[in-house]
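# Structure assessment
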Amino acid sequence: MKISILGAGAWGTALAVQAAARHEVLLWARSPSAAAEMQASRRNSYLPETELPAALQISADLPQAMAHAAEGLIIIATPMAALREMLGQLPAGSRCLWLCKGFEAGSGLLGHEIARELQPQSGKALRVGILSGPSFAQEVAADQPTALVAASEDEALAQAAVNIFHSERLRIYTSNDPVGVEVGGAVKNVMAIAVGIADGLRLAAEAKGPVGSAPGLNARAALITRGLAEMLRLGLALGARSETFMGLSGMGDLVLTATGDLSRNRRVGLMLAQGLPLAQILVDLGHVAEGVYSAPTVLARARAKGVDMPITEAVVAVLEGRLSPAAAVDLLMGRRARAEH
């Protein structure tokens, strides 16, 4: 199979490394200088420990990348902000999966909604879906066991993802609920920031001596569980199925992103708890943390649907500087008692 992966960040590169052993893979980088450096060194600065396979083609020529996979599969591995641009340039009839997770800033749309909006305008009959789930790029590139879900209303496309990527170390499941898979992938980033804030407050308290009333592991478990409830409520309001949130793109991705040390969104929360300004955090991070950009949009869509998302509200307030991390935790704990379900 000929595969073009559009976006040479950590995740796109990791998937390219995995697929290059069995398929003709072209990795597209937006920057010509970055593409030339990768060609020469067979390394990518996003994954410095990983050697790029000799068979992996690297290019900064987007038409070449599109043509390479004309009869194969295109993977969009850009941040969410570039998804619309990439979808708009796909040739008619393309088969495409995207890896990005989140809501589009401004429009508030999920990926499948962007694709649906573009198709009538362009007249292109695109076959699209999402490849998502609990996955740190570094582990995928290192060939460590990982499970993902390919979601599309086009069942043949989801099955094609299984045929292409499923291997001894990369297990691919299928789903025909792209709404649920995308909501899970977007909201878990916001919840990871919340858990990072709580964990950061605990670490700061431990560094000073007795922890006292700082959030502990009990608070972490509560945030993850109630975060899953928020994710489920929004998903159902947008047309998802409840069982999707018990799977890889719901509970699985939430647990990994909220607790894993490689999680960028969790690190944002940890640094917010240290009192660092958001602008500095994003510079120091050096990578996109989608939860920062998705949080206000998640909240806006929840309010439009009449969905209560108190953890999301608290995260947005902290990101906007209206609430301190400690005050956000106190606010959540001070909410009135209610039935769990």
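Residues numbered from 1 in each chain as written. Predicted model: local features only at pLDDT ≥ 70, side-chain atom pairs only at ≥ 80, totals over all residues. Heavy atoms only, no water.

- By the naming in an unreviewed UniProt entry, the protein chain is Glycerol-3-phosphate dehydrogenase [NAD(P)+], taken from Roseateles aquae.
- What UniProt states about the protein chain under its Sequence similarities (unreviewed entry) heading is, verbatim, "Belongs to the NAD-dependent glycerol-3-phosphate dehydrogenase family." (UniProt positions renumbered as here; feature names shortened; annotations may be inferred.)

### With respect to the UniProt feature "active site" (unreviewed entry) in the protein chain
- Following the UniProt record, one finds the feature "active site" (unreviewed entry) at Lys-188.
- Residue class for Lys-188 comes out buried when judged on its relative accessible area of 6%.
- Excluding residues within four positions of it along the chain, Lys-188 makes contact with Lys-101, Met-231, Asp-253, Leu-254 and Thr-257. (Buried < 20%, exposed > 50% of the residue type's maximum accessible area, 1.4 Å probe, protein only. Contact = heavy atoms within 4.5 Å.)

### Examining the pairing of strand S6 (residues 127-132)
- Of all six residues in S6, five are buried, a share of seventy percent or more.
- Where strand S5 (residues 95-98) lies against S6, four bridges are found, and the strand directions are parallel. What sits directly across from Trp-98, in S6, is Ile-130.
- Here S6 runs beside strand S7 (residues 146-151); their pairing, made up of three bridges, is antiparallel. Bridge assignment links Ile-130 to a residue of S7, and that residue is Ala-151. (Helix = DSSP H or I, 4+ residues; strand = E, 2+ residues; numbered from the N terminus. Pairing = 2+ DSSP bridges.)

### Thoughts on the state of the cysteines
- What the rule picks out here adds up to zero disulfides.
- For the unlinked cysteine Cys-96, the closest cysteine sulfur is that of Cys-100, found at 8.9 Å.
- Among the residues examined, Cys-96 registers a relative accessible area of 0% and is labelled buried.
- Under the relative-accessibility criterion, Cys-100 is labelled buried at 7%. (Disulfide = S-S within 2.5 Å.)

### Topic: empty space enclosed by the protein
- According to the stated counting rule, one finds one cavity of 30 Å³ or more in the structure shown.
- In terms of lining, the largest cavity is formed by Ala-194, Ile-197, Ala-198, Leu-223, Ile-311, Ala-314, Val-315, Val-318, Pro-325, Ala-328, Val-329 and Leu-332.
- At the level of secondary structure, the elements contributing two or more residues to the lining of the largest cavity comprise helix H8 (178-208), helix H14 (310-319) and helix H15 (325-333).
- Across the lining of the largest cavity, the residue classes break down as twelve nonpolar, no polar and no charged. (1 Å grid on protein atoms, 1.4 Å probe; cavity = no way out; pocket = protein on both sides within 12 Å on 5 of 7 lines; lining within 4 Å. Points joined across faces, edges and corners; volume = space filled by probe spheres on them. Nonpolar A, V, L, I, M, F, W, Y, C, P; charged D, E, K, R; others polar.)

### Let's talk about H8
- With 31 residues, H8 should reach 45 Å at 1.5 Å per residue; the first-to-last C-alpha distance of 46 Å fits that figure.
- The buried fraction of H8 amounts to 26 of the 31 residues, a majority that puts the element mostly inside the structure.
- Following H8 by one or two positions, Gly-209 has its phi on the positive side, about 135°. (Expected span 1.5 Å × (residues − 1).)

### Observations concerning the sheet that holds strand S1 (residues 2-6)
- An order of S3-S2-S1-S4-S5-S6-S7-S8 is seen for the eight strands of this open sheet, with the pairing classed as mixed. Lying at the two open borders of the sheet, with one neighbouring strand each, are strand S3 (57-59) and strand S8 (170-175). Mean inter-strand twist for the sheet, computed between neighbouring axes without regard to direction, equals 25°.
- Sitting on the sheet, H8 touches S5, S6, S7 and S8, and the angle it makes with S6 is about 40°.
- Contacting S6, S7 and S8, helix H10 (residues 248-259) crosses the sheet at an angle of about 145° to S7. (Axes fitted to C-alpha atoms, helices over the stretch in contact; angles between N-to-C directions.)

### Considering unusual backbone geometry
- Even without being glycine, Arg-42 reaches a positive phi, approximately 55°.
- Along the chain, Arg-42 falls in the loop between helix H2 (32-41) and S3.
- Look at Asp-143: it is not a glycine, yet its phi comes out positive at around 65°.
- Checked against the element boundaries, Asp-143 lands in the loop between helix H6 (137-141) and S7.
- Looking at Asp-143, the relative accessible area reads 39%, which means it is partly exposed.

### Structural notes on the layout of surface pockets
- If you add up the space inside the largest pocket, you get close to 1,200 Å³.
- In terms of lining, the largest pocket is formed by 48 residues, of which the most central are Gly-9, Ala-10, Trp-11, Arg-264 and His-287.
- Of all the secondary-structure elements, those providing two or more residues to the lining of the largest pocket are helix H1 (10-19), H2, H6, H8, H10 and helix H11 (264-273).
- In the lining of the largest pocket, the residues fall into 22 nonpolar, 16 polar and ten charged.
- The calculated volume of the second largest pocket comes to roughly 680 Å³.
- Along its surface, the second largest pocket is lined by 25 residues, and Ala-222, Arg-226, Leu-332, Met-333 and Arg-335 are the ones closest to its centre.
- Elements with a minimum of two residues in the lining of the second largest pocket: H8, helix H9 (217-237), H14 and H15.
- Among the residues forming the lining of the second largest pocket, the class breakdown is 16 nonpolar, one polar and eight charged.

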